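Coordinates in review
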Amino acid sequence: MNKERIDKEKLDQFKELIDESQTIAIGSHINPDGDNLGSTLALRRSLELYGKEVEVLANDTVDDYLQFLPDVDHYGEAKRDSYDLFIILDCSEFDRIGKLTTIARNSKKTAVVDHHVKGKIYTDLNIIYDTAPATCELVYEIIDRLDLPMDETIASLLFAGICTDTGRFLYSNVSEYTHLVAGKLITEGADVEYIFRNLYQSKPIKVMKFETDVISKAEFADKKAYAMISKEEVEKFGVQMGDAEVIVNMLRDLDEVEVSMILKEYDNNEYKVSLRSKGVDVSDVARANGGGGHIQASGFSIFEDSLEKADQVAREVLKGINV
Ligand SMILES: [Mn+2]
């Protein structure tokens, strides 16, 4: 059985780092998702109950669909310039923590807990296992094996993060251990009904209309799907770019599709590309283009001065993926 995976030595080092620190910052990546918020907020609460001064440092705004998460108001601006310990969760690159990099470098010690493929980072302690389906699963293991505090809120946060990063326990990296953890979290009081309702049964009609519009314009060829989303379109429907994320999954889930890609227009000439697959490795191509991620879910950014140019680049990259 694919059970606990963290080396005992690394767990002990983590405990040592916690015990010798009083002020602890937890940094999240830009554009935070459910696993990112779930893991950072859960670890914050556990370490606070353990007696530490802990902050989750905001890197971005929280998309509407994740505002229901308990403790989400603890996602805030840093109160200090440096901390005894800076823990990065759910990413293994200093680039991905954006403006928090300076605070991380100023802090006495750093550690990272992550599940992205081939993450490269130098900290005092790397707990990186790319076989874990979610950072929340690793955080559960840390809390469980180190006997750190757990309560209903922590359980709900970890459950929500595992749900979102596994596509509701669907992806191939979900193991028996993942289900065991989910069960334990329910025993600890995770509010599954509240989480499912908020994550999967509360889509605003305008978001559905937006998705339908984007999907109606998607293109399909060679077992690949491609769609492009402009800022103008997001404005037209009164939604957020974060609402587009699910579209790349919806396209991948189609019978005729193996790989899906969406291109999203952001500010400052940045165009973000999201890739999904049913099995084909899309992490290599993301890394080759300055991004990263997982075998079946990855992303990178294109910097061009027009949507048309970014569109061309994205299409070329998609063409180059062998299915
Ligand atoms: Mn994750």
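Our subject is the structure that appears above.
A short tour of the structure in this document, coming up. (Residues numbered from 1 in each chain as written. Predicted model: local features only at pLDDT ≥ 70, side-chain atom pairs only at ≥ 80, totals over all residues. Heavy atoms only, no water.)

**As for the packing of aromatic side chains**
A complete count under the given rule lists five aromatic pairs for this structure. For the pair Phe 68 and Tyr 194, a centre-to-centre distance of 5.6 Å together with 65 degrees between the ring planes defines the contact as edge-to-face. With Phe 68 in the loop between β2 (53–57) and β3 (75–76) and Tyr 194 in helix α7 (residues 192–200), the pair connects residues that are 126 residues apart, well separated along the chain. A centroid spacing of 6.0 Å and a plane angle of 65 degrees characterise the contact between Phe 159 and Phe 196, whose relative ring orientation is edge-to-face. Pair noted here: Phe 159 is in helix α5 (residues 152–165) and Phe 196 is in helix α7, with a separation of 37 residues, a long-range link. Accessibility expressed as a relative area gives 30% for Phe 196, which makes it partly exposed. An aromatic cluster is defined as three or more aromatic residues linked by ring pairs; in this entry it consists of Phe 159, Phe 169, Phe 196 and Tyr 200. The aromatic ring of Tyr 200 is capped on one face by Arg 168, whose charged end is 3.7 Å from the ring centroid. (Phe/Tyr/Trp six-rings, centres within 6.5 Å; stacked < 30°, edge-to-face > 60°. Helix = DSSP H or I, 4+ residues; strand = E, 2+ residues; numbered from the N terminus. Buried < 20%, exposed > 50% of the residue type's maximum accessible area, 1.4 Å probe, protein only. Lys NZ or Arg CZ within 6 Å of the ring centre and 35° of its normal.)

**Points about the coordination of the manganese ion**
Donor atoms from the polypeptide that bind the manganese ion are Asp 35 (OD), Asp 90 (OD), His 115 (NE2) and Asp 165 (OD), placed at 2.2 to 2.3 Å. All donors of the manganese ion belong to a single chain; written as a sequence motif, their spacing is D-x54-D-x24-H-x49-D. Taken together, the residues Asp 90 in the loop between β4 (85–89) and α3 (101–106) and Asp 165 in helix α5 connect sequence positions 75 residues apart. For the residue pair Asp 90 and Asp 165, the accessibility class agrees, reading buried in each case. (Donors = N, O, S within 2.8 Å, 3.2 Å for Na, K, Ca; no water.)

**What about α5?**
In an α-helix, one turn spans 3.6 residues, which is why side chains three or four residues apart end up on the same side. Between its first and last C-alpha atoms α5 spans 20 Å; for 14 residues at 1.5 Å apiece the expected length is 20 Å, and the two agree. The complete set of buried residues in α5 reads Thr 153, Ile 154, Ala 155, Ser 156, Leu 157, Leu 158, Phe 159, Ala 160, Gly 161, Ile 162, Cys 163 and Asp 165. Check the buried side of α5 and you find it contacts α2 (34–49), α4 (135–145), α6 (176–187) and α7. For α5, the capping residue at the N-terminal end is Asp 151, with a side-chain oxygen 3.1 Å from the backbone nitrogen of Thr 153. Positive phi appears at Gly 167, one or two residues downstream of α5, with a value of about 55 degrees. (Expected span 1.5 Å × (residues − 1). Contact = heavy atoms within 4.5 Å. Polar contact = N/O pair within 3.5 Å; in protein donor to acceptor, adjacent residues only side chain to side chain.)

**Considering the sheet that holds strand β1 (residues 23–27)**
With parallel pairing, the six strands of this open sheet are ordered in space as β3-β2-β1-β4-β5-β6. Two strands in the sheet have a free side with no partner beyond their single neighbour: β3 and β6 (125–128). Across the sheet, helix α1 (residues 8–19) touches β1, β4, β5 (109–114) and β6, and the angle it forms with β6 is around 130 degrees. (Pairing = 2+ DSSP bridges. Axes fitted to C-alpha atoms, helices over the stretch in contact; angles between N-to-C directions.)

**Here we look at the environment of Leu 199**
Mapped onto the secondary structure, Leu 199 falls in helix α7. Overall, the relative accessible area of 15% leaves Leu 199 in the buried class. Through-space distance from the C-alpha of Leu 199 to that of Tyr 65 is 7.0 Å; in sequence the pair is 134 residues apart. Here Leu 199 is in contact with Leu 66, Phe 68, Ala 160, Cys 163 and Thr 164, once residues within four sequence places are set aside.

**With respect to the pairing of strand β9 (residues 259–265)**
Extensive coverage of β9 is indicated by the burial of seven of its seven residues. Residues of β9 alternate between two faces, with Val 259, Met 261, Leu 263 and Glu 265 on one and Ser 260, Ile 262 and Lys 264 on the opposite face, all of them buried. As paired strands, strand β8 (residues 224–229) and β9 are joined by six bridges and run parallel to one another. Bridge pairing links Tyr 226 to Met 261 in β9. As paired strands, β9 and strand β10 (residues 270–277) are joined by seven bridges and run antiparallel to one another.

**Brief notes about α6**
Here α6 spans 17 Å end to end across 12 residues, near enough to the 16 Å set by a 1.5 Å rise per residue. Within the span of α6, buried status applies to Tyr 177, Thr 178, Val 181, Ala 182 and Leu 185. The buried residues of α6 occupy an angular sector of 145 degrees when projected down its axis, which confines them to one face. Facing away from the buried side of α6, by more than 90 degrees, are the exposed residues Glu 176 and Thr 187. Considering only its buried residues, α6 is in contact with α4 and α5. The opening residue of α6, the one whose side-chain oxygen lies 3.1 Å from the backbone nitrogen of Tyr 177, is Ser 175. (Arc of directions from axis to C-beta.)

**Focus on the sheet that holds strand β7 (residues 219–221)**
Ordered by their spatial adjacency, six strands build an open sheet running β7-β8-β9-β10-β12-β11, and the pairing between neighbours is mixed. Of all the strands in the sheet, just β7 and β11 (292–293) have a single pairing partner and so form its edges. Bridge count between β10 and strand β12 (residues 297–303): seven bridges; the pairing is antiparallel. Paired with Val 273 across the bridge in β12 is Phe 300.

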